[in-house]
Amino acid sequence: MAGTFDFKAAALAAAFAFLTSQVHAAETQSARADEGQVARGKYLVSIAGCNDCHTPGGMFGNPDMKRYLGGSDVGFSIPTQGVFVGANLTPDADTGLGKWTADQVVTALRKGKRPDGSEISGVMPWASYAHLTDDDAYAIAAFLRSLPPVANKITSYKSADTVPIAVSTVLPPDAYNALPAALK
Ligand code: HEC
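Residues numbered from 1 in each chain as written. Predicted model: local features only at pLDDT ≥ 70, side-chain atom pairs only at ≥ 80, totals over all residues. Heavy atoms only, no water.

### Re the overall build of the chain
Then, in step 1: Along the backbone of the chain there are six helices and three strands.
Then, in step 2: Listing each helix as α and each strand as β along the chain from the N terminus yields α-α-β-β-α-α-α-β-α.
Then, in step 3: Counting over 184 residues, the chain shows a buried share of 28%.
Then, in step 4: Of the roughly 11,900 Å² that the chain leaves accessible, carbon and sulfur atoms contribute 60%. (Helix = DSSP H or I, 4+ residues; strand = E, 2+ residues; numbered from the N terminus. Buried < 20%, exposed > 50% of the residue type's maximum accessible area, 1.4 Å probe, protein only. Areas by Shrake-Rupley, 256 points an atom, 1.4 Å probe, with all protein chains shown as cover.)

Okay, here's the thing in structure tokens:
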């Protein structure tokens, strides 16, 4: 009947509007939580030295911020074990961590294990990162996933390999003393 207030429809509409607003509030809250998590991860990465070992130029005090965390251009030699190069931590699917879940990044950070079960060299200070809390470890993973992907394939080397990049190594005194002046 025209002009009659349809109580049932109005009640349904009100209930629907209320539910929608609750869903929106929850979404905004979780977006804010994500932003906070990424900001926390950014802060932790900035103080944990990841940049030094994972950004080209980082070991020379001149990191290339366009390839931030896109993989190092310096290898670390561990005698008899090999020359290990800081991996590409950006979400590039082929050369970075793009296919890793947050859990897998956290396991690498705290346990030194890759998704395929292989061990990450102790050059990567995961034994220290083993003490990260869940909140902090997942914040780092969230920040890494928020980075622009950088395509940069990183390879580590065997001790006997001829390496195409600079190498950081610990030398016994005699070996250091015998170096040409330009390398001291
Ligand atoms: C002292 C240098 C150094 C620092 C500091 C460092 N890393 Fe590494 N990281 C490495 C090296 C070298 C490797 C490669 C090790 C290997 O090949 O076994 C590596 C490997 C990794 C890997 C495994 C990636 C892969 O594809 O295998 C992850 C993840 C990682 N680092 C994350 C981080 C994060 C996040 C930080 C900061 C919280 C950090 N690293 C700080 C040197 C470092």
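So much for the structure itself; the text now carries on.
### A short note on the packing of aromatic side chains
Then, in step 1: The tally for this structure, following the rule as stated, stands at one aromatic pair.
Then, in step 2: Lying over the aromatic face of Tyr176, Lys184 brings its terminal NZ or CZ to 5.4 Å of the ring centre. (Phe/Tyr/Trp six-rings, centres within 6.5 Å; stacked < 30°, edge-to-face > 60°. Lys NZ or Arg CZ within 6 Å of the ring centre and 35° of its normal.)

### Looking at helix 3 (residues 102–111)
Then, in step 1: Within helix 3, burial applies to Val105, Val106, Ala108 and Leu109. Down the axis, helix 3 shows its buried residues gathered within 160° of arc, on one side only.
Then, in step 2: Buried positions along helix 3 lie against helix 4 (126–129) and helix 5 (134–145).
Then, in step 3: Looking one or two residues past helix 3, Gly112 carries a phi angle of roughly 70°, positive in sign. (Arc of directions from axis to C-beta. Contact = heavy atoms within 4.5 Å.)

### Observations concerning the sheet that holds strand 2 (residues 82–85)
Then, in step 1: Taken together, three strands build an open sheet; the order of strands is 2-1-3 and the sheet is mixed. The open sheet has two free edges, formed respectively by strand 2 and strand 3 (166–168), since each of these has just one partner strand. Geometrically, the sheet is characterised by an average inter-axis angle of 40° between neighbouring strands, direction not taken into account.
Then, in step 2: Inspection of the sheet shows strand 1 (residues 74–78) paired to strand 3 by three bridges, in the parallel sense. What sits directly across from Phe76, in strand 3, is Ser168. (Pairing = 2+ DSSP bridges. Axes fitted to C-alpha atoms, helices over the stretch in contact; angles between N-to-C directions.)

### Describing the coordination of the iron atom of the ligand
Then, in step 1: Around the iron atom of the ligand, the protein supplies His54 (NE2) and Met124 (SD) as donor atoms, at distances of 2.0 to 2.2 Å.
Then, in step 2: Of the residues examined, His54 reaches a relative accessible area of 10% and is grouped as buried. (Donors = N, O, S within 2.8 Å, 3.2 Å for Na, K, Ca; no water.)

### What about the environment of Gly82?
Then, in step 1: Within the fold, Gly82 resides in strand 2.
Then, in step 2: Taking the relative accessible area as the measure of exposure, Gly82 reaches 0% and is therefore buried.
Then, in step 3: It is 9.4 Å that separates the C-alpha atoms of Gly82 and Ser121, two residues lying 39 residues apart in sequence.
Then, in step 4: Residues contacting Gly82, with those up to four places away along its chain left out, are Phe76, Ser77, Tyr157, Lys158 and Ser159.

### Concerning the site of the ligand
Then, in step 1: Lining the immediate environment of the ligand, one finds 22 residues, of which Cys50, Cys53, His54, Arg114 and Met124 sit closest.
Then, in step 2: At 2.5 Å, a side-chain N or O of Arg114 approaches an oxygen atom of the ligand.
Then, in step 3: Note that an oxygen atom of the ligand is positioned 2.8 Å from one of the backbone N or O atoms of Ser121.
Then, in step 4: Of all the secondary structure elements, the ones that give two or more residues to the shell around the ligand are helix 2 (50–54) and strand 2.
Then, in step 5: In terms of residue count, helix 2 provides more of the shell around the ligand than any other element does, three residues in total.
Then, in step 6: Each residue belonging to the shell around the ligand can be placed in one class, and the counts come to 16 nonpolar, five polar and one charged. (Near = heavy atom within 4 Å. Polar contact = N/O pair within 3.5 Å; in protein donor to acceptor, adjacent residues only side chain to side chain. Nonpolar A, V, L, I, M, F, W, Y, C, P; charged D, E, K, R; others polar.)

### Concerning the pairing of strand 1
Then, in step 1: The pairing of strand 1 with strand 2 spans four bridges and is classified as antiparallel. Among the inter-strand pairings, Ser77 is bridged to a residue of strand 2, identified as Val83.
Then, in step 2: Linkage of strand 1 to strand 2, two consecutive antiparallel strands, is achieved through a turn of three residues, within which Thr80 is found at a positive phi near 75°.

### Digging into helix 5
Then, in step 1: Its twelve residues give helix 5 an end-to-end C-alpha distance of 16 Å, which sits within 8% of 16 Å, the value for a rise of 1.5 Å per residue.
Then, in step 2: Residues Asp136, Ala137, Ala139, Ile140, Ala141, Ala142, Phe143 and Leu144 constitute the buried set of helix 5. (Expected span 1.5 Å × (residues − 1).)

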